[in-house]
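In case you want the letters, here they are:
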Amino acid sequence: MGYLGADYTIKSWLLTTDHKRIGLLYMISITVFFLLGGAAATLLRLELMTPRGDVFGSPDDYNRSFTIHGVFMVFFFLIPGVPAVLGNFLIPLMIGARDLAFPRLNLMSWYIYMIGGLFTLYALVAGGVDTGWTFYTPYSTMFSNTQVIAAALGIFIVGFSSILTALNFIVTIHTMRAPGMTWLRLPLFIWAHYATSLIIVLGTPVLAITIILVAVERLFKVGIFDPAYGGDPLLFQHLFWFYSHPAVYIMILPSFGVISEIVTAFARKKIFGYSFMAGALLAIAVLGFLVWGHHMFVSSQSMYAGMIFSVLSFLVAVPSGIKVFNWTATLYKGSVSFKTPMLYALGFIGLFTIGGLTGLVLSTMATDVHVHDTYFVVAHFHYIMVGGMVMAYLGGLHFWWPKITGRMYSEFWGALSALTVFIGFNLTFFPQFLLGYIGMPRRYYEYPEEYQVLNVMSSAGASVLAVGYMMPLIYLMISLKVGKIAGPNPWAASGLEWETSSPPPTHNFLDTKIVTSGPYDYELQEFADMQREVQEQGIV
Amino acid sequence: MSSPSATVHDNTYGQDDTYLYHHFEDLQQQHESSSLGMWAFLSTEVLFFGGVLGAFAVVQTLYGPAMKAASSHLDPILGAYNTAVLLVSSLAMALAVRASQLRQQRNTVLFLIATIVLGSVFLAVKAYEWNHDYHLGLVPGINFDLERYPGRQILFWSFYFTLTGIHALHMVIGIVIIAIMAVLVQRRWFSGGGATQIEMLGLYWHFVDIVWVFLYPILYLINR
Ligand code: HEM
Ligand SMILES: [Cu+2]
């Protein structure tokens, strides 16, 4: 039974240094935070069904609720999601290593994550926070009388967990590759996590110090950011977005890695433009640090700074576009099979494209002035974060589920969930583009009658989306008991992780792997044979 | 990756009795991993201090004269003295690293203790300075005397206490870890003499010292 059956005690899980088990610990924890964040979102959508405030007792409660939603989703689900679960599980397997470079540090980062999470949970239960996930000053430092410090401390702590995970990945990818696994033979999933880790290591400490400055200002009433005391509120926004724009790439780059693996495996073709794909990941990591000012076009930042940030933001779209073009080119003339992971991946490509294109609308200064802080922005980032990251996470979860658990899930329910999520997502968020365009501002709990139709559509879509998300939770659990035995490589996919048993043994491989070629050689006869074999066995 | 225990490093971790964790192929890979990990960690520290130094640079630019006036209440002689103390402590640390590589257990412990003593002297002087600032009514949020120090001077002190505070916190953490290491080396806890661990600790300590080398002119000397 591989690593899962190595020992059954609770202690063997809580003190494990096996990267695969730690990945599962993260999987459970991020799911809990996702459900908590989702519950808050449900309340928000219920409130917005009618123009009057009725679900929440006061606008303050509405503010608390969207803060819970934003904080949990961004810091406790989107950022750790793919790296801490799939990255943790797969990076050593994919490069032929026995574990990450620092297994105990890896366990420690899960504990740090949990401590940060509990802290934040405490803050949100004991009075809540009403600043939004962006903690803009001077509101967060001088005016808000909610649990800002406790929540900020929770986020500060969870930042260390990201930093330690990223550090572990960087070192592992540098020093633990199997013989013959050169940089240009790395799966794109590894490149994606490498690029992400660089951003985490260089960005997160800036958020940490920003949080400290917020806490100092709030505790000692000194004016670092508050203009009334001589501080500069824009300084906060610069520091915050210096981290938080790159953070959006922390959320999406690992997903790019997931999608690249899935698209080649189900198109049975080598990825189109491998080195461009790897280069684009690094280019995004670098350029992502140069565009933060596009969040501040209307914040009295100088016009010239705005123009430069605008142009640089267009530049980020270039490597993002390369990715979409290359996935599409990989599909072209491939023998595509529409299994659940592929359905999620195709959903990702479509939704990410819409999110990226509307990003261009927002990075054009003149149009941004019109839609800034409206539902247009809300729709934009949900298309990328939910339509992108969450789709990729679910796609990856289905793709590697047989590897993680040794079992297949029901393909029927899998395909149905992918479809439901896709439809529900668009019903929820497309109306928000229209709402924003006709002027509905974000973060209000009452609105004029004219906006009601679109809001009701959005809330209705959200309930479809919720059903879509609940389905995998159920049938994946069921698969643990009744799923077909998957065998080492049910998808006939390339990659070292498929060369070991499912679930893999505690030390991953029984022999030392030696790599002699690059990834994704799907055109080779060997893979066609492998595919025929799994089909004959009736596994997929 | 490459062949185990290259000759140059033989004295540091090539010994047969050095513990190799199960997931590494050889000692060289293990050493490279620790070293890269430490450098990556230090790069996060650069960005951490970089964030607040960047913010301070903005304030400096906006309110130069007030910052200079505020800075003149600091004693550059004490600051210079502390800089010297820290530089000598870095020397002691470097000697400890060398001694551990040569497997001189006694010397390793002695140099680690010397580092701790020097680090503590630094903290004592810093505490004296903070106490002095307190008596002058210079601590924002606690007893800042806006009448004696008008205008934006309070901003200087906010940054001064934040910067020296987080630096001192790094020192305290460093001293605690050095103390633990000294005990472990004394008890021959490390199979390989602790050479790798002490080398990493040394990198951290030198980094903390270098931060002070930047803080000293930025805080104490802007008026000179
Ligand atoms: C093609 C690349 C992208 C471009 C050009 C772009 C552009 C923008 C711009 C200009 C804004 C500011 C809009 C405003 O506040 O008026 C914005 C907001 C936002 N974007 Fe993007 N974006 C891109 C990709 C992404 C990605 C990949 C993510 C997340 C994974 C993301 C998440 C967000 C979030 C969370 C916000 C809103 C922040 C807030 O105010 O709460 N964006 N984007
Ligand atoms: Cu941005």
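Refer to the preceding data block for the structure.
Quick summary incoming for the structure in this document. Here the structure is a predicted model, which means the values were calculated and not measured.

1. Quick word on the overall build of chain A
Secondary structure assignment for chain A yields 17 helices and 0 strands. For 540 residues, the compact-globule formula gives about 24 Å, and the C-alpha radius of gyration of chain A, at 23 Å, lands near that figure. Each of the three principal axes of chain A carries a C-alpha extent, and together these read 70 × 45 × 45 Å. Looking at chain A as a whole, 62% of its 540 residues are labelled buried. Taking contacts inside chain A between residues at least 6 apart in sequence as the whole, the part at least 24 apart equals 82%. As presented, chain A carries roughly 19,600 Å² of accessible surface, and 72% of it is formed by carbon and sulfur atoms. Mean positive and mean negative side-chain charge positions of chain A (26 and 27 charges, respectively) differ by 9 Å.

2. A few points about the nonpolar core
Residues and elements named next belong to chain A. Among the nonpolar cores identified, the biggest contains 228 residues, and Phe75, Trp327, Phe348, Tyr393 and Trp400 are the most heavily contacted of them. Examining the composition of this core, we find that 21 residues originate from one element, helix α9 (residues 233-267), more than from any other. Look past the residues within four positions of Trp400 in its chain and what remains in contact with it is Leu86, Leu90, Met94, Phe189, Val258, Glu261, Glu497 and Trp498. Leu48, Phe56, Tyr62 and Tyr445 belong to the second-largest nonpolar core, a separate cluster that totals 13 residues.

3. Focus on unusual backbone geometry
All names here are of chain A. With omega at -5°, the peptide bond leading from Thr137 into Pro138 counts as cis. Examined against the element boundaries, Pro138 turns out to sit in the loop between α5 (103-125) and α6 (139-143). Geometrically, the link from Ser502 to Pro503 is a cis peptide bond, its omega value of -10° lying close to zero. Looking at where Pro503 falls in the secondary structure, it is placed in the loop between α16 (452-482) and α17 (525-536). Of note, Tyr520 is a non-glycine position whose phi angle comes to about 65°, a positive value. For Tyr520, the position within the fold is in the loop between α16 and α17.

4. Quick word on the interface of chain A and chain B
Across the boundary between the two partners, chain A contributes 37 residues, which contact 33 residues of chain B. For the pair chain A and chain B, the interface holds 1 salt bridge. For Arg98 of chain A, the salt bridge is made with Glu25 of chain B, and the minimal N-O distance between the two is 3.6 Å. Connecting chain A to chain B are 7 residue pairs in polar contact (both at pLDDT 80 or more). Secondary-structure elements contributing two or more residues to the side of chain A that touches chain B are α5, α7 (148-175), α8 (188-220) and α9 of chain A. Its residues assigned to classes, the side of chain A that touches chain B comprises 26 nonpolar, 6 polar and 5 charged.

5. Some points on the coordination of the iron atom of ligand 1
All names here are of chain A. Of all protein atoms, His380 (NE2) alone acts as a donor to the iron atom of ligand 1, lying 2.2 Å away. Between the iron atom of ligand 1 and the copper ion (ligand 2) the interatomic distance comes to 4.5 Å. With respect to the secondary-structure elements, His380 resides in helix α14 (residues 375-405).

6. Here's the deal with the environment of Pro490 of chain A
Residue and element names in this part refer to chain A. Topologically, Pro490 is positioned in the loop between α16 and α17. Accessibility expressed as a relative area gives 1% for Pro490, which makes it buried. Put simply, Pro490 and Phe189 are 301 residues apart on the chain and 19 Å apart in space, counted from C-alpha to C-alpha. Ignoring any residue separated from it by four or fewer positions in sequence, one finds Pro490 in contact with Pro402, Met408, Trp498, Val534, Ile539 and Val540.

7. Topic: the site of ligand 1
All names here are of chain A. Around ligand 1 there are 20 residues in total, and Val248, Asp368, His372, His380 and Arg442 lie nearest to it. A distance of 2.9 Å separates a nitrogen atom of ligand 1 from a polar side-chain atom of His380. In the model, an oxygen atom of ligand 1 is placed 2.9 Å from a nitrogen or oxygen of the Arg442 side chain. The biggest single contributor to the shell around ligand 1 is α14, with 5 residues.

8. Section: the environment of Val318 of chain A
Residues and elements named next belong to chain A. Along the polypeptide, Val318 turns up in helix α11 (residues 303-331). Under the relative-accessibility criterion, Val318 is labelled partly exposed at 49%. Linking Val318 and Ala283, residues 35 residues apart in sequence, is a C-alpha distance of 9.3 Å.

9. Digging into the side chain of His398 of chain A
Within the secondary structure, His398 of chain A is located in helix α14. Beyond its immediate stretch of four places on either side in the chain, His398 of chain A contacts Thr340, Pro341, Tyr344, Tyr409, Pro472, Tyr475, Leu476 and Trp491 of chain A.

10. So, the pattern of salt bridges
Residues and elements named next belong to chain A. On inspection of all chains with the given rule, the structure shows 10 salt bridges over all chains. As a salt-bridge pair, Arg64 and Asp61 come within 3.1 Å of each other at their nearest N and O atoms. A residue pair is termed a helical-turn pair when its members lie 3 or 4 positions apart in one helix, as Arg64 and Asp61 do in helix α3 (residues 59-78) at 3 residues. By relative accessible area, Arg64 is classed as partly exposed at 24%. Close ionic contact of Arg532 with Asp529 constitutes a salt bridge, the shortest N to O distance being 3.1 Å. Taken together, the residues span about one helical turn, with Arg532 and Asp529 both in helix α17 at a distance of 3 residues. Accessibility expressed as a relative area gives 43% for Arg532, which makes it partly exposed. A single network of salt bridges, built from pairs that share partners, joins Glu499, Asp511 and Lys513.

11. Some remarks on helix α15 (residues 411-437) of chain A
The α-helix winds at 3.6 residues per turn, so residues separated by three or four positions along the chain end up facing the same way. For α15 of chain A, built from 27 residues, the straight-helix expectation of 39 Å at 1.5 Å per residue is met to within 8% by its first-to-last C-alpha distance of 39 Å. With its phi angle positive at about 110°, Gly439 of chain A sits one or two positions after the end of α15 of chain A.

12. A word on the packing of helix α2 (residues 19-47) of chain A against helix α4 (residues 81-95) of chain A
All names here are of chain A. The geometry of α2 relative to α4 is characterised by a closest axis approach of 8 Å and an angle of 165° between their N-to-C directions. By the angle between their directions, the pair α2 and α4 is classed as roughly antiparallel. Relative to α4, the crossing made by α2 is left-handed. The segment α2 lies against α4, with His19, Lys20, Ile22, Gly23, Tyr26, Met27 and Ile30 engaging Gly81, Ala84, Val85, Asn88, Phe89, Pro92 and Leu93. Residue classes in the contact of α2 with α4 are distributed as 9 nonpolar, 4 polar and 1 charged.

The rules behind each value
- Every chain begins its residue count from 1, and numbering advances along the sequence as written.
- The order in which chains are written sets their letters, starting at A; the order in which ligands are written sets their numbers, starting at 1.
- Owing to the predicted nature of the model, reporting of local features is limited to residues with pLDDT of at least 70; listing and counting of side-chain atom pairs is limited to 80 or more, with chain, interface and lining totals taken over all residues.
- Hydrogen atoms and water are omitted, and side-chain values are computed over all heavy atoms in the structure.
- Helix and strand definitions follow DSSP, with helices as H or I runs of at least four residues and strands as E runs of at least two, each counted in order from the N terminus.
- This radius of gyration counts C-alpha atoms alone. The globule rule is 2.2 Å times how many residues there are, raised to the power 0.38.
- A simple rule labels every residue: compare its accessible area, found with a 1.4 Å probe on the protein chains alone, to the largest value its type can have, and call it buried under 20%, exposed over 50%, or partly exposed in between.
- It only takes one pair of heavy atoms within 4.5 Å for two residues to be counted as in contact.
- Note that accessible areas follow from Shrake-Rupley with a 1.4 Å probe, and for residues the cover is restricted to the protein chains shown.
- We score Asp and Glu as negative and Lys and Arg as positive, and we do not count His or the chain ends.
- One atom stands in for each charge, and that atom is NZ of Lys, CZ of Arg, CG of Asp or CD of Glu.
- We define the nonpolar core as a collection of buried residues of types Ala, Val, Leu, Ile, Met, Phe, Trp, Tyr and Cys that are connected through side-chain atoms lying within 4.5 Å of one another.
- Salt bridge criterion: a side-chain nitrogen from Lys or Arg within 4 Å of a carboxyl oxygen from Asp or Glu.
- Side-chain atoms alone can form a polar contact between residues adjacent in sequence; in general such a contact is a pair of N or O atoms within 3.5 Å, and within protein one must be able to donate a hydrogen while the other accepts it.
- In this classification, Asp, Glu, Lys and Arg are treated as charged, Ala, Val, Leu, Ile, Met, Phe, Trp, Tyr, Cys and Pro as nonpolar, and every other residue, Gly included, as polar.
- The rule for donors is simple: an N, O or S atom within 2.8 Å of the metal counts, and for Na, K and Ca the reach is 3.2 Å. Water is not among the atoms, so a site may look short of donors.
- Being near a molecule or strand, for a residue, means having at least one of its heavy atoms within 4 Å of it.
- In this scheme, a helix's expected span is set at 1.5 Å multiplied by one less than its residue total.
- Axis geometry follows a simple rule: fit a line to the C-alpha atoms, using only the stretch in contact for helices, then measure angles between N-to-C directions, giving values from 0 to 180 degrees.
- Any angle between 65 and 115 degrees counts as roughly perpendicular, while under 35 counts as roughly parallel, over 145 as roughly antiparallel, and the rest as oblique.
- Crossing handedness follows the turn of the near helix against the far one: under a right angle anticlockwise gives a left-handed crossing, and clockwise gives a right-handed one.

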